[in-house]
Structure formats: C-alpha cells, structure tokens
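Close look at the chain arrangement
What follows is each chain in one-letter form.
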Amino acid sequence: QQQVKQSPQSLIVQKGGISIINCAYENTAFDYFPWYQQFPGKGPALLIAIRPDVSEKKEGRFTISFNKSAKQFSLHIMDSQPGDSATYFCAASITQTGGSQGNLIFGKGTKLSVKP
Amino acid sequence: SQTIHQWPATLVQPVGSPLSLECTVEGTSNPNLYWYRQAAGRGLQLLFYSVGIGQISSEVPQNLSASRPQDRQFILSSKKLLLSDSGFYLCAWSPRTGKNIQYFGAGTRLSVL
C-alpha cells in the first residue's frame, strides 16, 4: 500500500512531441506528489509538485495532472526537447501530525530520451 | 542558501574492505537526512533516514550502517563491502517542517571489485 507504481520504464519521444509519464498509488493518505528529474551522474532535483486539492499544475512546459478518484497522477512534458532527456521519478508522501514530513515514496523511474 | 556536499564522487573498493561515505549540509539546521542507493537502471532505494543527532532509522537490513554525529553530518559505513554493495549512493536532506522537498547531493559511484 506504500508503493507508487510508475510507467513506462523507458520512453522515446521525438523533439517537439509530448512526453507522458504515469504514476499510481494505493494509500489515500498521501497528500503530496512531487516529480524529480535526474540527469546521468547527478542527484535528482525537484521538478514540480502537486497537492490533491488541485487537479492540475503547470510550470512552463511541465504539467502535473492529478486524478484523486483514480489515485493516479501524471507528468506531461510539452514540446519535448533533447535537453529534457533524463530519468524522471514520481513520489508521494504524507504530512505528519504537527507538520513534519513523512518519507518520500519514489516510483522506479522513467528514462526519457528525446530524439532530435 | 543551503548546500549539500557529498564525497567522494567515485570510489573503487575491494570486496571485504571498509567503507565510509560522508555527507554534510550547510545553510540550514535540524534537517532530516537520508541515504539512498540507486542500482544501475533502477529506482531510489531508501537505506537510512535521520531526524536528529544519533537518531537513525533503517529501511533495509543489509551490510551497511549510518551515523549522524553532528546535526548536519551524515555518514554511511560498512565494515566489509560485498559485491552487491556496488551502486550510486545519494545523500539528501529535507527541512523538518514545511514543504517536503528533498535536496540531493551529487552522489558517490561505488564499485566493489
């Protein structure tokens, strides 16, 4: 129940196309859903995050869509560029009583390759 | 601003040798600290986390241990490395309260031969 299932494992998209990565969860107590981006040989970095009180959040070419009833959320990368080629991780966590943070539960990652 | 330092960047060790990886955080106090391992082509496996000095929680029983001797210092150790300990080790920190953002170090690539 603590798992976050991410798909696909790898994704190849042409430059200018839309990249879509999906995640699903079971624990309805999760209340924070971030996406991390990791370039080869580097540590992951926060890309964008959403809370379940909104259905969509957009930052530039990156959009999170959130479906609370289906317990799913997805990352859309519009106008994908070769520089977007990286591994993307979705994650989920629970805000604890008193505001402290529960551990992030990460998906297994999606390796995105954007072809020029 | 806050920064996280992790070293060394790469390490090649023989089987059976000890290990010590160090991580320090600057510009913040009382952070949560984490050690992750990332095997090639796989996700992030949480190994240890700490909410304070001397407070270590282990997520996966294994050949490794962690210690937090100071508020902003987190150390990953092993007495005897195994081949299966090879991987990419990442340290991360997050603020104790507020936004649950984890900030990762640059990682250590460990090869056990």
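In short, a report on the structure.

Rules behind the numbers
- All chains use their own residue numbering, which begins from 1 and follows the written sequence.
- Chain labels run from A onward and ligand labels from 1 onward, assigned in the order the entries are written.
- Local features in a predicted model are, by the rule used here, given only for residues with pLDDT of at least 70; side-chain atom pairs are given and counted only at 80 or more, and totals for whole chains, interfaces and linings are based on all residues.
- As a convention, hydrogens and water are excluded, and side-chain values are obtained from all of the structure's heavy atoms.
- Counting from the N terminus, the helices are the DSSP runs of H or I reaching at least four residues and the strands are the DSSP runs of E reaching at least two.
- Every radius of gyration here is taken over C-alpha atoms, with the globule rule written as 2.2 Å times N^0.38, N being the number of residues.
- It only takes one pair of heavy atoms within 4.5 Å for two residues to be counted as in contact.
- Only four residue types enter the charge count: Lys and Arg as positive, Asp and Glu as negative, with His and the chain ends excluded.
- Note that the charge is assigned to NZ on lysines, CZ on arginines, CG on aspartates and CD on glutamates.
- Here, nonpolar core means buried Ala, Val, Leu, Ile, Met, Phe, Trp, Tyr and Cys residues that are tied together by side-chain atoms lying within 4.5 Å of each other.
- Relative accessible area decides the class of each residue, using a 1.4 Å probe on protein chains only: under 20% of the type maximum gives buried, over 50% gives exposed, and in between gives partly exposed.
- Classification of ring pairs uses Phe, Tyr and Trp, with its six-membered ring standing for Trp, and accepts pairs whose centres are within 6.5 Å; under 30 degrees between planes counts as stacked, over 60 as edge-to-face, and the remaining range as tilted.
- A pair of strands is treated as paired once DSSP finds two or more bridges between them.
- Throughout this description, a polar contact denotes any pair of N or O atoms lying within 3.5 Å of each other; where both atoms belong to protein, one of them has to be capable of donating a hydrogen while the other can accept it, and for residues adjacent in sequence the pair is counted only when both atoms sit in side chains.
- Throughout, a disulfide means two cysteine sulfur atoms within 2.5 Å of one another.
- Buried area adds together the accessible area that both of two parts lose upon being put together, with accessible area traced by a 1.4 Å probe.
- Between Lys or Arg on one side and Asp or Glu on the other, a salt bridge is scored when a side-chain nitrogen of the former is within 4 Å of a carboxyl oxygen of the latter.
- Any residue that is not Ala, Val, Leu, Ile, Met, Phe, Trp, Tyr, Cys, Pro, Asp, Glu, Lys or Arg is counted as polar, Gly included; the first ten are nonpolar and the last four charged.

**A word on the overall build of chain B**
In terms of regular secondary structure, chain B is built from 0 helices and 11 strands. Computed over its C-alpha atoms, the radius of gyration of chain B comes to 13 Å, within 12% of the 13 Å expected for a compact globule of 113 residues. Seen through its principal axes, chain B has C-alpha atoms that stretch 40 × 25 × 20 Å. Put simply, 55% of the contacts in chain B that link residues at least 6 apart link residues at least 24 apart. In chain B, 9 side chains carry a positive charge and 5 a negative one; their mean positions are 5 Å apart.

**Describing the nonpolar core**
For soluble globular proteins, nonpolar side chains are generally found buried alongside one another. Residues V4(A), F33(A), W35(A), F73(A), L75(A), Y88(A) and L112(A) are the most contacted members of the largest nonpolar core, which totals 24 residues. The set of elements that each furnish at least two residues to this core consists of strand 2 (10-14), strand 3 (19-25), strand 4 (33-38), strand 5 (45-50), strand 7 (62-67), strand 8 (72-77), strand 9 (86-92) and strand 11 (110-115) of chain A. Discounting chain neighbours no more than four positions away, the residues touching V4(A) are C23(A), A24(A), F30(A), F73(A), C90(A), A92(A), I105(A), F106(A) and G107(A). If you look at the next biggest cluster of nonpolar residues, it comprises 20 residues, including L47(B), F48(B), A66(B) and W93(B).

**As for the environment of V51(B)**
Among the secondary structure elements, V51(B) is positioned in strand 5 (residues 44-52). For V51(B) and N32(B), which are 19 residues apart along the polypeptide, the C-alpha to C-alpha distance reads 4.7 Å.

**Concerning the packing of aromatic side chains**
All names here are of chain A. Under the defined criterion, the tally for this structure stands at 18 aromatic pairs over all chains. Between F30 and F33 the ring centres are 6.5 Å apart and the planes differ by 80°, which places this aromatic pair in the edge-to-face class. Pair check on accessibility: F30 and F33 agree, each one buried. For the pair F33 and F66, a centre-to-centre distance of 4.8 Å together with 45° between the ring planes defines the contact as tilted. Of the two residues, F33 sits in strand 4 while F66 sits in strand 7, which places them 33 residues apart along the sequence. As far as burial versus exposure is concerned, F33 and F66 are alike and both buried. Taken together, Y25, F30, F33, W35, F66 and F73 form an aromatic cluster joined through their ring pairs.

**Section: the pairing of strand 5 of chain B**
Residues and elements named next belong to chain B. Sheet topology note: the strand 4 (residues 32-38)/strand 5 ladder contains 6 bridges and is antiparallel. In the sheet register, R37 faces strand 5, and the bridge partner there is Q45. As paired elements, strand 5 and strand 6 (residues 55-58) share 3 bridges and run antiparallel to each other. Looking at the pairing, G52 lines up with Q55 of strand 6. Here strand 5 folds back onto strand 6, and the loop between the two strands holds 2 residues, one of which, G54, carries a positive phi near 75°.

**Re the side chain of T110(A)**
All names here are of chain A. Checked against the element boundaries, T110 lands in strand 11. Residue T110 is classed as buried on the basis of its relative accessible area of 0%. A polar atom in the side chain of T110 sits 3.0 Å from the side chain of Q6. Residues within four places of T110 in sequence aside, it is in contact with Q6, S7, P8, Q9, S10, L11, I21, A86, T87 and Y88.

**Quick word on the state of the cysteines**
All names here are of chain A. In the structure shown here, the tally under the stated rule is 2 disulfides over all chains. The disulfide bridge from C23 ends at C90, spanning 1.8 Å between sulfur atoms. A torsion of -95° about the S-S bond marks the disulfide between C23 and C90 as left-handed. With C23 in strand 3 and C90 in strand 9, this pair connects stretches of sequence that are 67 residues apart. Taken individually, C23 and C90 each receive the classification buried, so the pair is uniform in this respect.

**Examining the interface of chain B and chain A**
Taken together, the 24 residues of chain B in the interface contact 20 residues of chain A. Of the roughly 1600 Å² buried where chain B meets chain A, counting both sides, 52% is carbon and sulfur surface. Three residues stand out in chain B for area buried against chain A, namely L44(B), N100(B) and F104(B), and they jointly supply 34% of the buried area on that side. Summed over the shared surface of chain B and chain A, the number is 0 salt bridges. Across the contact surface, chain B and chain A share 2 residue pairs in polar contact (both at pLDDT 80 or more). Elements represented by at least two residues in the side of chain B that touches chain A include exactly strand 4, strand 5 and strand 9 (87-94) of chain B. With 4 residues, strand 4 of chain B is the largest single contributor of residues to the side of chain B that touches chain A. Counted by class, the side of chain B that touches chain A contains 11 nonpolar, 9 polar and 4 charged residues.

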